[in-house]
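Structural overview
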There are 2 protein chains.
Amino acid sequence: MKRHHYTKQAILDMDQRYRANFINCLSGFKSLNLVGTQNAQGQTNLAPFSSVVHLGAHPALVGMVSRPDSVDRHTIGNILDTGEYSLNHVTQDMAAQAHQCSARYDLDESEFDATGLPLARVDGFIAPCVESAPLTMMVKYREHHRLDINNTLFIIGEIQSVLTDDAVVRDSGYVDLEALGTVTCSGLDSYHTTERIDRYAYAKVGVELKAINDKA
Amino acid sequence: MKRHHYTKQAILDMDQRYRANFINCLSGFKSLNLVGTQNAQGQTNLAPFSSVVHLGAHPALVGMVSRPDSVDRHTIGNILDTGEYSLNHVTQDMAAQAHQCSARYDLDESEFDATGLPLARVDGFIAPCVESAPLTMMVKYREHHRLDINNTLFIIGEIQSVLTDDAVVRDSGYVDLEALGTVTCSGLDSYHTTERIDRYAYAKVGVELKAINDKA
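Residues numbered from 1 in each chain as written. Chains lettered and ligands numbered in written order. Predicted model: local features only at pLDDT ≥ 70, side-chain atom pairs only at ≥ 80, totals over all residues. Heavy atoms only, no water.

1. Overview of the overall build of chain A
Each helix and strand counted, chain A has six helices and 13 strands in total. Its C-alpha radius of gyration of 19 Å places chain A within 12% of the 17 Å reference for a compact globule of 216 residues. With respect to the three principal axes, the spread of C-alpha positions in chain A is 60 × 50 × 35 Å. Burial status across chain A gives 60% buried among its 216 residues. For chain A, restricting intrachain contacts to residue pairs at least 6 apart in sequence, the fraction spanning at least 24 positions comes to 58%. Surface accessibility of chain A: about 8400 Å² in total, with carbon and sulfur atoms responsible for 46%. (Helix = DSSP H or I, 4+ residues; strand = E, 2+ residues; numbered from the N terminus. Rg over C-alpha atoms; globule rule 2.2 N^0.38 Å. Buried < 20%, exposed > 50% of the residue type's maximum accessible area, 1.4 Å probe, protein only. Contact = heavy atoms within 4.5 Å. Areas by Shrake-Rupley, 256 points an atom, 1.4 Å probe, with all protein chains shown as cover.)

This is the structure in structure tokens:
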């Protein structure tokens, strides 16, 4: 394949909207999670985030990125208010509703009501979650970092509870997200299902790589 | 679907290896990038990262997570030494080689040589990149944050140049990663191709969501 070279100057010269689309694609395929929160007055909110990343298994930590000037601000305010949020995976059937949650609803409008995504509660937690999500994490806020370079926030939380179909959890602990129907996204607006290529065993120097096939 | 409730205690009680597999799956599908670096002595290194996230389009910023006690330490050392790295997407044909790059090679062994992934150079940059990658970003290190809660590093870089097939860049600036053959991964060991569900227009309150179909 012939690769075109987009220089720094070419990127700077792009139209703002074009550049936003272009740069948002570069990191690769992204996780998609609906973040469920409520504020101190009990107003619920649901917002799509494509930046949730694994940070550690013990304690079980996840990070996510938020722009302070975006619609995410309701989400971040609620997380700091209550110290809690839920992370909810999205299936193909829910993808359009998940995207619609990115519209700029007023603070007193719930995206649950606006999109029809069903709200559920988990005992012992303030944050609402999505009943139809194939996997939900209930998360407690732990710390955040403000990036000097563009004022973006990196929010860190600890996973407290996980709700999912235990039939897709393999003997090794691997959770088969593809069997759950969890989707991935790219750029600002594209949603994708997946098809497994293979799973590979722990890689060792000088040892030929083997495929894994563990059972549910 | 009936959802099983994995409580915090159930997660704490998991065998360590089982828990690592389980928790690593929860964030959802992940980006997969091979990070190309070299040290001050010119020794090259290539390591798979599944935590690269978009941080902003202007300036064009990406973040990634590194555990200080992992094989990533060569990568992080090299980034801090030279201030540069490349991020390289992975296709189905390269997936096994990309996974093999996670083996604990000695500092004086290059993963390029060990796996046969072809090394390329870009004028004006120290860091090596992968010639067969469908998309490569040349990145300059900008800042990092150490997370108090588990000592993980969050590394932030600014995209300087992008090399990819311009035939997959749509009129809107959207880069069709699926057309490039870029793969996604899940957990610690699973690799997946994708199939597009749809792209959706910018979501507005009270307006029915429309699918997008812009041209290459």
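2. Focus: the relation of the copies chain B and chain A
Overlay of chain B on chain A (RMSD 0.0 Å): rotation 180°, translation along the axis 0.0 Å. When the rotation and shift are considered jointly, the pair of chain copies conforms to a two-fold rotation axis. The C-alpha atom lying nearest the rotation axis in chain B is that of Thr194 of chain B; the distance is 2.1 Å. The overlap is high: 100% of the interface residues of chain B also sit at the interface in chain A, so the same surface is used on both sides. (Least-squares fit on C-alpha atoms with pLDDT ≥ 70 in both.)

3. Here's the deal with the pairing of strand E3 (residues 33-38) of chain A
Two faces, one strand: in a regular strand the side chains alternate between the faces of the sheet. Residue and element names in this part refer to chain A. With six of six residues buried, E3 is to be regarded as a mostly interior element. Of the two faces of E3, the one carrying Asn33, Val35 and Thr37 and the one carrying Leu34, Gly36 and Gln38 are both buried. Pairing between E3 and strand E4 (residues 44-49): six bridges, direction antiparallel. In the strand pairing of E4, Leu34 is matched with Pro48. Joining the antiparallel neighbours E3 and E4 is a turn of five residues, in which Gly42 adopts a positive phi near 90°. Bridge count between E3 and strand E7 (residues 84-89): four bridges; the pairing is antiparallel. Directly across from Gly36, in E7, lies its bridge partner Ser86. (Pairing = 2+ DSSP bridges.)

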